[in-house]
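One-letter residues, chain by chain:
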Amino acid sequence: MAPKLNPTFPSLLLLLLLISFHLCTVIAWKKEEFRTCHQTPFCKQARSRKPHSSSLFATGVAILDGALTAKLRHPLPESPDQDQIKPLLFTLSVYQNGVVRVKIDEDPSLDPPKKRFEVPDVILPEFEATKLWLSWFQTETLDGDSEPSSIVYVADGYEAVLRHSPFEVYVREKQSKRRVLSLNSHGLFDFEQLRVKQEGDDWEERFKSHTDTRPYGPQSISFDVSFFDADFVYGIPEHASNFALKPTKGPGVDDSEPYRLFNLDVFEYLPDSPFGIYGSIPFMIGHGKTRGTSGFFWLNAAEMQIDVLGSGWDAESGILLPESGSRIDTLWMSEAGVVDTFFFFGPGPKDVVRQYISVTGTPAMPQLFSTAYHQCRWNYRDEEDVENVDSKFDEYDIPYDVLWLDIEHTDGKRYFTWDRVLFPNPEQMQNKLAAKGRHMVTIVDPHIKRDESFHLHKEATNKGYYVKDASGKDFDGWCWPGSSSYPDMLNPEIRSWWSEKFSIKNYVGSTPSLYIWNDMNEPSVFNGPEVTMPRDALHYGGVEHRELHNAYGYYFHMATSDGLVKRGDGKDRPFVLSRAFFPGSQRYGAVWTGDNTADWDHLRVSVPMILSLGLTGMTFSGADVGGFFGNPDTELLVRWYQLGAFYPFFRAHAHHDTKRREPWLFGERNTELIKNAIHTRYTLLPYFYTLFREANTSGVPVVRPLWMEFPSDEATFSNDEAFMVGNSLLVQGIYTERAKYASVYLPGGQPWYDLRTGITYKGGMTHKLEVSEETIPAFQRAGTIIPRKDRYRRSSTQMVNDPYTLVIALNSSHAAEGELYIDDGKSFEFTKGAFIHRRFVFSNGKLTSSSLVPNAPGKTLFSSPCIVERIIILGHSSGPKNTLIEPSNRKAEIELGPLWLRQGKSNSVLTIRRPNVPVSEDWTIKIL
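What counts and how
- Residues numbered from 1 in each chain as written.
- Predicted model: local features only at pLDDT ≥ 70, side-chain atom pairs only at ≥ 80, totals over all residues.
- Heavy atoms only, no water.
- Pairing = 2+ DSSP bridges.
- Helix = DSSP H or I, 4+ residues; strand = E, 2+ residues; numbered from the N terminus.
- Phe/Tyr/Trp six-rings, centres within 6.5 Å; stacked < 30°, edge-to-face > 60°.
- Buried < 20%, exposed > 50% of the residue type's maximum accessible area, 1.4 Å probe, protein only.
- Lys NZ or Arg CZ within 6 Å of the ring centre and 35° of its normal.
- Disulfide = S-S within 2.5 Å.
- Salt bridge = Lys/Arg side-chain N within 4 Å of Asp/Glu carboxyl O.
- Core = buried A, V, L, I, M, F, W, Y, C linked by side-chain atoms within 4.5 Å.
- 1 Å grid on protein atoms, 1.4 Å probe; cavity = no way out; pocket = protein on both sides within 12 Å on 5 of 7 lines; lining within 4 Å.
- Points joined across faces, edges and corners; volume = space filled by probe spheres on them.
- Nonpolar A, V, L, I, M, F, W, Y, C, P; charged D, E, K, R; others polar.
- Contact = heavy atoms within 4.5 Å.
- Polar contact = N/O pair within 3.5 Å; in protein donor to acceptor, adjacent residues only side chain to side chain.

Chemist: Go over the sheet that holds strand β23 (residues 402-405) with me, naming the residues and quoting the values.
Modeler: The eight strands are arranged β33-β32-β31-β28-β24-β23-β22-β34 in an open sheet whose pairing can be described as parallel. Across the chains shown, the open sheet's two edge strands, defined by having one partner strand only, are β33 (621-622) and β34 (650-652). Bridge count for β23 against strand β24 (residues 439-443) is four bridges, and the pairing is parallel. In the sheet register, W404 faces β24, and the bridge partner there is V441.

Chemist: How would you summarise unusual backbone geometry if you had to cite specific residues and measurements?
Modeler: Cis geometry marks the peptide bond from S165 to P166; its omega dihedral reads -5 degrees. Counting through the fold element by element, P166 comes out in the loop between β8 (158-163) and β9 (168-173). Of note, the amide linkage connecting E886 to P887 takes the cis form, showing an omega dihedral of 15 degrees. Assignment of secondary structure puts P887 in the loop between β49 (882-886) and β50 (890-898). Unlike most non-glycine residues, R214 shows phi in positive territory, near 45 degrees.

Chemist: I'd like a rundown of the packing of aromatic side chains, residues and numbers included.
Modeler: With the rule as written, the count across this model stands at 61 aromatic pairs. Between the aromatic rings of F232 and Y234, the centroid separation amounts to 6.4 Å while the plane-to-plane angle is 45 degrees, which identifies the pairing as tilted. Pairing F620 with F649 gives two aromatic rings, centres 5.9 Å apart and planes at 85 degrees, and the pair type is edge-to-face. Highlighted residues: F620 in the loop between α11 (600-615) and β33 and F649 in the loop between α12 (634-644) and β34, separated in sequence by 29 residues. Classification of F649 as buried rests on a relative accessible area of 1%. Three or more aromatic residues link up through ring pairs in this structure, and these residues are F369, W404, Y515, W517, F575, W592, F620, F649 and F692. Across the ring face of W404, the terminal group of R651 is positioned such that the distance to the ring centre comes to 4.7 Å. Here K768 stacks its cationic end above the ring of Y741, 4.7 Å away from the centre of that ring.

Chemist: Explain the sheet that holds strand β35 (residues 703-704) to me, using residue names and the numbers behind them.
Modeler: Taken in spatial order, the six strands make up an open sheet running β35-β36-β37-β42-β39-β40, and their pairing is antiparallel. In this open sheet, the two strands that pair with only one neighbour each are β35 and β40 (760-761).

Chemist: Account for the state of the cysteines, naming residues and giving values.
Modeler: With the rule as written, the count across this model stands at one disulfide. Here C37 is linked by a disulfide to C43, with a sulfur-sulfur distance of 2.0 Å. On the S-S bond that ties C37 to C43, the torsion sits near -100 degrees, and the link is left-handed. For the pair shown, C37 and C43 are each scored as buried.

Chemist: Before we move on, can you summarise the pattern of salt bridges with the specific residues and values?
Modeler: What the rule picks out here adds up to 80 salt bridges. With a shortest N-O distance of 2.8 Å, R870 and D790 are connected by a salt bridge. Linking R870 in strand β48 (residues 867-874) with D790 in the loop between β43 (784-788) and β44 (804-809), this pair joins segments that are 80 residues apart in sequence. Each of the two residues, R870 as well as D790, counts as buried. The structure contains a network of salt bridges with shared partners spanning R35, E205, D212, R214, R260, E303, E335, E530, R535, E544 and R546.

Chemist: Requested: an account of the nonpolar core, with residues and values cited.
Modeler: In this structure, W498, F575, Y641, F646, V725 and L847 are the most contacted members of the largest nonpolar core, which totals 222 residues. In terms of residue count, the dominant contributor to this core is α11 (nine residues). Counting residues in each nonpolar core, the second largest holds 49 residues, with A160, F167, V180 and I221 among its members.

Chemist: Provide a residue-level description of empty space enclosed by the protein, including the pertinent values.
Modeler: As enumerated under the stated definition, the model contains nine cavities of 30 Å³ or more in all. In this structure, the second largest cavity occupies an estimated 110 Å³ of space. In this structure, the second largest cavity is lined by 15 residues; those nearest its centre are A364, P366, Q586, G589 and F620. Its residues assigned to classes, the lining of the second largest cavity shows ten nonpolar, five polar and no charged.

Chemist: Please set out the pairing of strand β2 (residues 67-73) residue by residue, giving values where relevant.
Modeler: For β2, a buried count of five out of seven residues is recorded, marking the element as mostly surrounded by other parts of the structure. Bridge analysis of strand β1 (residues 57-64) against β2 gives six bridges, and the strand direction is antiparallel. Counterpart to L64 in the pairing with β2 is A67. A loop of two residues connects β1 with β2, the two strands running antiparallel in sequence, and D65 in this loop sits at a positive phi of about 50 degrees. Taken together, the five bridges between β2 and strand β3 (residues 88-95) define a ladder with antiparallel strand orientation. Its bridge partner lying in β3, A70 is registered against F90.

Chemist: Mind laying out the environment of A460, listing which residues take part and the relevant values?
Modeler: Within the element layout of this structure, A460 appears in helix α7 (residues 455-463). It is 35 Å that separates the C-alpha atoms of A460 and E106, two residues lying 354 residues apart in sequence. In contact with A460, other than residues within four places in its own chain, are Y465, Y466 and W497.

Chemist: Please set out the side chain of S334 residue by residue, giving values where relevant.
Modeler: Positionally, S334 belongs in strand β20 (residues 327-334). Within the structure, the side chain of S334 is placed 3.1 Å from the side chain of N300, a separation counted as a polar contact. There is a polar contact of 3.2 Å between the side chain of S334 and the backbone oxygen of A336. Apart from residues no more than four positions distant in its own chain, S334 is found in contact with F42, S220, I221, W298, N300, A302, E303 and M304.

Next up, the structure:
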């Protein structure tokens, strides 16, 4: 798809060649276009280091500004001709809720050539306020050491240890002395300090046709981190790989790459690969049966490579660590930055997530519409196409909430514009959708077309707002518009400028029902090294691109989100989907797993990818349903909709070279199956929205691994084909064509109820189940209550005042509980207490509704006219006929009714008909 350009012929030829390259890689990912560890000097060097090669030791240990400080020194050089290596500054700080922070940097008093980059605007200001000011430390001589170590209190039952010689830092349990997490236990720490270039120094790096000048020379950092009592480690997205991270180095591991964290525009990425793709979150979690969960986070935006070291990797090192059951060692390597690390010691999986979120922020509370179904394609051609797609959803009685427009809607790939031939009346088009409660999303990427007639480019050029190349000129790279430049989003002034572009006045043709999609923000540069920006490009404050690369998309996402907040005068929650991400991105919107492919392997790998994202804060995530590249066969498409209906972010999307694949194009039967999958999502929206609120307050993800709910069940630790939606639903995908059976492990000692039929299955065992085309296996956990809305509407916004259904799944004690969260679905008023939050408890034959909102004097800030019109009870005998509702002192009948309405055959289950109790009030319903 050649952009509408009028350049000279050579420029046009170059552009066509570049875009041809980009599209050719669609057919087959060209591995040779991206660097391996062996081709990356800092990674190759760190991997070659032997255990115990670090000779650092700590001196001058003291308490300064409420933290434990020291200088990390090297031994004196053996030869007088060798330069003495400058000492490093070490700081250990302790924070509330079980967080230890360790920073190591060059000593500014020793005049390094420049200040090393520390990533700004990620750590919450309120986190800094939770620092515990240390006033003293104690010493203890550890077994085998010749001098004492320094020890500080960090939380009840835990303490941090700074071992002086050899240098090591770890967190341990105070009573048992058992280690939880450690850094440099294997002596692999290395810190290349900045130097002034001397004659004869060759610091340049070359890859293919590109040369990186590296003006400050090598500046890499590497160290080992050990997770004690861990059976598996997880996290560090984004990779298309298993959820439980496999060893990348050690006995029996052949020619494996480390897990790479380097945001890249990778087309048709390979499943089961450690290769880095669109986003980077350097946060790893260890989990095991013996102790529980711990986490480690390195705040660094430079390229990172991480090895998971297989058992026996250090067999020849002679290092003996304290025996404490299983242990997983890892090696962390980065090209630049500082050591700014966080130790989280749990002890439960949800504790570790909360501790991480206390540092980087909770996920944003989404608008209700954005948690429903999205319909996208590159590209819906014109207004007539949009209107036709919209009307077909109504014709086939399929709900949807958002219709998306890709880059072809613009005037020559100039963002914030419209092709006025294809989209002559954009406001009217959006208003027609809004009249049905629907919304539109358009794409806005970071590359700005270098066209003197384009006002955005002229303004950015005149203000000096672009990223510079190594020579100080505006960086000029190639992307969809052709010659393009990129706003320097590290600069807060430029972010503020960018955010103003989303106002209704500045974004001509936009309306308040239009939201935004940030793509290509890794950033993608078609003619750049590894399809991205050169590492020696320059940002605000003289920061090199190598130092902040992984955070560029984060700042772009932030500025766009802030723009939508400004557009609505701070009253309208933004919705922005981003492809690139970094720690903290959860505060600004949703992400997706990028340019996947229409095959069964990509369907399968979507689950561990989404689990990894949720575990590391990015709970609002999903994969393109149906696969972006290629044409899915009908069975694959149906199975993808059935699974995707449980993704936190539920969007179908397709490449412009694929066949059209709207839900009604595959025959009557398949249309019905896809419609049922979408209806399932809409029915469960109250439950999903309640879970998004839980994530917004605690960081606990909407979709979570089985072991997060069953942390001591070893059978769940490596299971990434099934997942929990909240604490109440278990979903198992079908990942092979023409599957007749599925093996489903149902954890715990309580029964599970089939979501469709209500049939009971025993917990704590694997069931071989027959599967049909109708649905994928999904189960409600005994002891839970799930809220639903069973009436079908065109969109979620038209369901706002519809009544609720409660599905009660009784456990062996004939008890259950659940929650329901409701607010206005769009504004920030919920932050002021304008919401309903109910707790439902069924016990001793009585259902009780009570408020979880703290009592506030004065009037209620939010109310709802909704009622509960059906209550389904699974696991109860069918004897009773009536209930008594208090305080209204009236009765409601009990009868057998369908578990699901309007979805084919449905088993009859015990149902309280028309209790009609207000959802916002306290009441009880007792079975007589």
